[in-house]
Amino acid sequence: MTSLNQQDTIFVNQEADAWYERNAAGATEPAPPNDRILRALSHLTLPAQGILIDVGGSSGRVAEGFRRQYPQWHCRVVEPSGKAIAAGKKAFPHLEFTQGSITQAQGLPWQEATIVVIGGVFCLVDRSLLSRAVANVDLALKDGGYLVISDFDSPFLRANAYKHRSGLYTYKQDYAEIFRQLGIYHLIYRFSETLVDHSSSDLADPYDRQWVTSILRKDLQGRYFRKSE
Ligand SMILES: C[S@@+](CC[C@H](N)C(=O)[O-])C[C@H]1O[C@@H](n2cnc3c(N)ncnc32)[C@H](O)[C@@H]1O
């Protein structure tokens, strides 16, 4: 069992770079239109201009894939790995990068995003900082904006030992539901798929090999029933 914040310290300071190095092949190619996050976003009618923030966006391949479809959007990446950022800055000069963590105490560096993307990050967040990660994401997204969460789709809470480093865990649960329960997010898209190849899953277990991409729309006021005064 990890001690308080240990998973966060290790991910932010070491494992983020290690993840990038293991996955560097293809990291400097923009994500294709059939990427699961870009495919999900293709269901929305988006304005010509906006701001997208990819949190834990590595070298920016998803952000760049989106930017090529929406060249007038400003696309930003927050990522702890200095190595991923260095590669991304070189490959994708139109993106803006900042080194940081979804869990940081000062919040994310940018706010008022039209879209926030979080792909495969919540499952890695230290449980002692999960509520702060949720708050940081919420504060970065503007009212009326879209939150894209792509992560494991487990029917129950599950902590799988992280294969690449002992003492760390991949935490699987319904992260979109956390936002939905706030009342100010409603689900507008959900696509669950079966993984055929993933190091953090037992592919022989049907409850451990699903992945889900969800889009939630933020609406601070409109969902409340109001009695007239
Ligand atoms: C499974 S990879 C997914 C990368 C990318 N989002 C994608 O969908 O291809 C997880 C990413 O989250 C980053 N990460 C890990 N801990 C993080 C944290 N505390 N805050 C932000 N990103 C984090 C890793 O460095 C890595 O880039």
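On a predicted model such as this, the values are computed, not experimentally measured, just so you know.

1. Quick look at the packing of aromatic side chains
Aromatic rings in a pair are described by how distant their centres are and how their planes are angled relative to each other. Counted by the stated rule, this structure contains nine aromatic pairs. Note on F122 and F179: the rings are 6.0 Å apart at their centroids and 55° apart in plane angle, and the pair reads as tilted. Of this pair, F122 sits in the loop between β4 (113–119) and α5 (130–140) while F179 sits in helix α6 (residues 175–181), placing them 57 residues apart in sequence. A single burial state applies to F122 and to F179, both of which are buried. Ring centres 6.1 Å apart and planes at 45° place the aromatic pair Y169 and Y171 in the tilted group.

2. A closer look at α5
Note: α-helices contain 3.6 residues per turn, so residues at a spacing of three or four share the same orientation. Every buried residue of α5 is accounted for by L130, A133, V134, N136, V137, D138 and A140. Turning to α5, the residues buried within the fold contact β4, β5 (141–152), α6, β8 (185–194) and β9 (210–218).

3. Topic: the pairing of β9
Two faces belong to every sheet, and in a regular strand the side chains alternate between them. Most of β9 is tucked away, with eight of its nine residues classed as buried. As paired elements, β5 and β9 share seven bridges and run antiparallel to each other. If you follow Y146 over to β9, its bridge partner there is R217. Sheet topology places β8 next to β9; nine bridges connect them, and they run antiparallel. By the bridge assignment, L187 is partnered in β9 with L216.

4. Here we look at the sheet that holds β9
The seven strands lie next to each other as β3-β2-β1-β4-β5-β9-β8, forming an open sheet whose pairing is mixed. Two strands close off the open sheet at either side, each with one partner strand: β3 (96–99) and β8. Along the sheet, successive strands turn relative to each other by an average axial angle of 15°, direction set aside. The pairing of strand β1 (residues 51–55) with strand β2 (residues 74–79) spans five bridges and is parallel. By the bridge assignment, I53 is partnered in β2 with R76. Along the sheet, α5 contacts β4, β5, β8 and β9; its crossing angle with β5, the most-contacted strand, is approximately 140°.

5. Brief notes about the environment of S131
Note on placement: S131 falls in helix α5. You can call S131 exposed: its relative accessible area is 58%. Residues S131 and I178, 47 residues apart in the sequence, show an inter-C-alpha distance of 9.4 Å.

About the thresholds
Residues numbered from 1 in each chain as written. Predicted model: local features only at pLDDT ≥ 70, side-chain atom pairs only at ≥ 80, totals over all residues. Heavy atoms only, no water. Phe/Tyr/Trp six-rings, centres within 6.5 Å; stacked < 30°, edge-to-face > 60°. Helix = DSSP H or I, 4+ residues; strand = E, 2+ residues; numbered from the N terminus. Buried < 20%, exposed > 50% of the residue type's maximum accessible area, 1.4 Å probe, protein only. Contact = heavy atoms within 4.5 Å. Pairing = 2+ DSSP bridges. Axes fitted to C-alpha atoms, helices over the stretch in contact; angles between N-to-C directions.

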